[in-house]
Amino acid sequence: MTSLPMILASSPPRNLTKPSSSTSQFPNPVQSSPKQLGNLSNKTHLSLTISQLILTSPVLASESFDSISDPPTGKIDLESVLVTIDNFFNKYPFFVAGCTFMYLVVYPAVIFYLRKYKPISAVNAFRKLKNEPDSQLLDIRDDKTLALLASPNLRFLGKSSVQVPFSESDEEGFLRRVKGSFSDPENTVVCVLDNFDGNSSKVAELLIEDGFKEAYYIRGGARGKNGWLAIQEELLPPPVHMFTAKNVKSSNNNEASIVGTEN
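Keep in mind it's a predicted model, so treat the numbers as computed, not measured.

It is not clear to me how the overall build of the chain should be interpreted in this structure. Could you clarify?
Across its full length, the chain carries 12 helices and five strands. Residue burial in the chain is summarised as follows: out of 263 residues, 27% are buried. Contacts spanning at least 24 positions in sequence make up 67% of the contacts within the chain whose residues lie at least 6 apart. Accessible surface, the chain as shown: approximately 19,000 Å² in total, 60% of it carbon and sulfur.

Mind showing me how you'd approach the packing of helix 7 (residues 122-131) against helix 11 (residues 228-235) here?
In the contact formed by helix 7 and helix 11, the axes pass within 9 Å of each other and the chain directions differ by 70°. On the basis of the axis angle, helix 7 is roughly perpendicular to helix 11. Across the interface between the two elements, Ala 122, Val 123, Phe 126 and Leu 129 from helix 7 touch Trp 228, Ile 231 and Leu 235 from helix 11.

What exactly am I supposed to notice about the packing of helix 9 (residues 171-180) against helix 10 (residues 200-209) here?
Helix packing for two helices is described by the angle between their axes and how far apart those axes are. It is at 11 Å that the axes of helix 9 and helix 10 come closest, and there the two elements cross at 70°. Classified by the angle between their axes, helix 9 and helix 10 sit roughly perpendicular to one another. Like other packed secondary-structure pairs, helix 9 and helix 10 cross with a definite hand, here right-handed. Between helix 9 and helix 10, the residues in contact are Glu 171, Phe 174, Leu 175 and Val 178 and Lys 202, Val 203, Leu 206 and Leu 207, respectively. For the contact of helix 9 with helix 10, the per-class residue count stands at six nonpolar, no polar and two charged.

Before we go on, may I ask you to explain the side chain of Ser 151 in this structure?
Within the secondary structure layout, Ser 151 lies in the loop between helix 8 (143-148) and strand 3 (162-163). In terms of polar contacts, Ser 151 uses its side chain to reach the side chain of Asp 139, at 2.6 Å. Discounting chain neighbours no more than four positions away, the residues touching Ser 151 are Asp 139, Arg 141, Leu 146, Ser 161, Gln 163 and Met 242.

Thresholds, definitions, all that
Residues numbered from 1 in each chain as written. Predicted model: local features only at pLDDT ≥ 70, side-chain atom pairs only at ≥ 80, totals over all residues. Heavy atoms only, no water. Helix = DSSP H or I, 4+ residues; strand = E, 2+ residues; numbered from the N terminus. Buried < 20%, exposed > 50% of the residue type's maximum accessible area, 1.4 Å probe, protein only. Contact = heavy atoms within 4.5 Å. Areas by Shrake-Rupley, 256 points an atom, 1.4 Å probe, with all protein chains shown as cover. Axes fitted to C-alpha atoms, helices over the stretch in contact; angles between N-to-C directions. Parallel < 35°, antiparallel > 145°, perpendicular 65-115°, else oblique. Left-handed = near helix turned anticlockwise from the far one by under 90°. Nonpolar A, V, L, I, M, F, W, Y, C, P; charged D, E, K, R; others polar. Polar contact = N/O pair within 3.5 Å; in protein donor to acceptor, adjacent residues only side chain to side chain.

Below is the structure:
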């Protein structure tokens with residue numbers, strides 16, 4: 001008869017402890033059935049196949065790595081914007097050149113010719129004063145400068161030079177005095193004369209804003225390069241010449257001596 005200790009030793013030991021949840025979730029490959037082992041190998045093979053497909057495809061691989069390495073930050077990629085602009089310029093060079101020409105040449109020219117105040121040479125200013133009855137000469141130099149160099153004498157044209165000194169600190173008073181010097185400002189064309197270019201362009205703009213028909217600022221003014229004094233000996237008739245105080249005094253003395261001789 002077999003003894004009890006030998007029977008207990010030959011029987012397999014029982015697992016008295018309850019298996020943990022983590023162990024039950026992942027079956028032991030040794031204890032798994034052949035069917036379970038086949039399913040597990042199929043899943044592993046499928047995952048390896050998908051990974052190899054992604055790695056071997058350059059498009060999918062680049063997109064996947066970009067999505068991992070470059071998460072969206074919400075910022076503008078300046079380099080890509082510059083590359084896009086450069087590609088557009090290279091693709092449409094004539095269109096870009098045409099737009100540039102319109103912006104830099106045509107548009108400023110149109111604005112220049114449409115505005116009512118413009119520069120004018122001394123010769124063309126004289127021609128305008130001679131040929132247009134509604135044109136007038138406005139001398140904006142101060143009294144001290146006028147004492148040294150008188151305004152052009154326009155009695156030869158049946159007109160007179162209007163003298164109103166300009167002051168930046170009193171633009172409203174200046175405009176009021178100028179407007180009071182002309183009977184019909186809305187139909188008056190004004191040629192503005194300064195000592196040099198100076199404030200003549202600004203005054204011409206102010207006159208247009210104040211309701212004058214047209215305003216021109218004489219390039220070179222009275223004493224500047226190609227100004228009235230510089231071109232009068234060659235291009236202007238003597239009656240409209242500008243004279244310095246010395247010349248005016250000598251001419252007055254000559255006239256007085258002639259009158260005394262006649263008497």
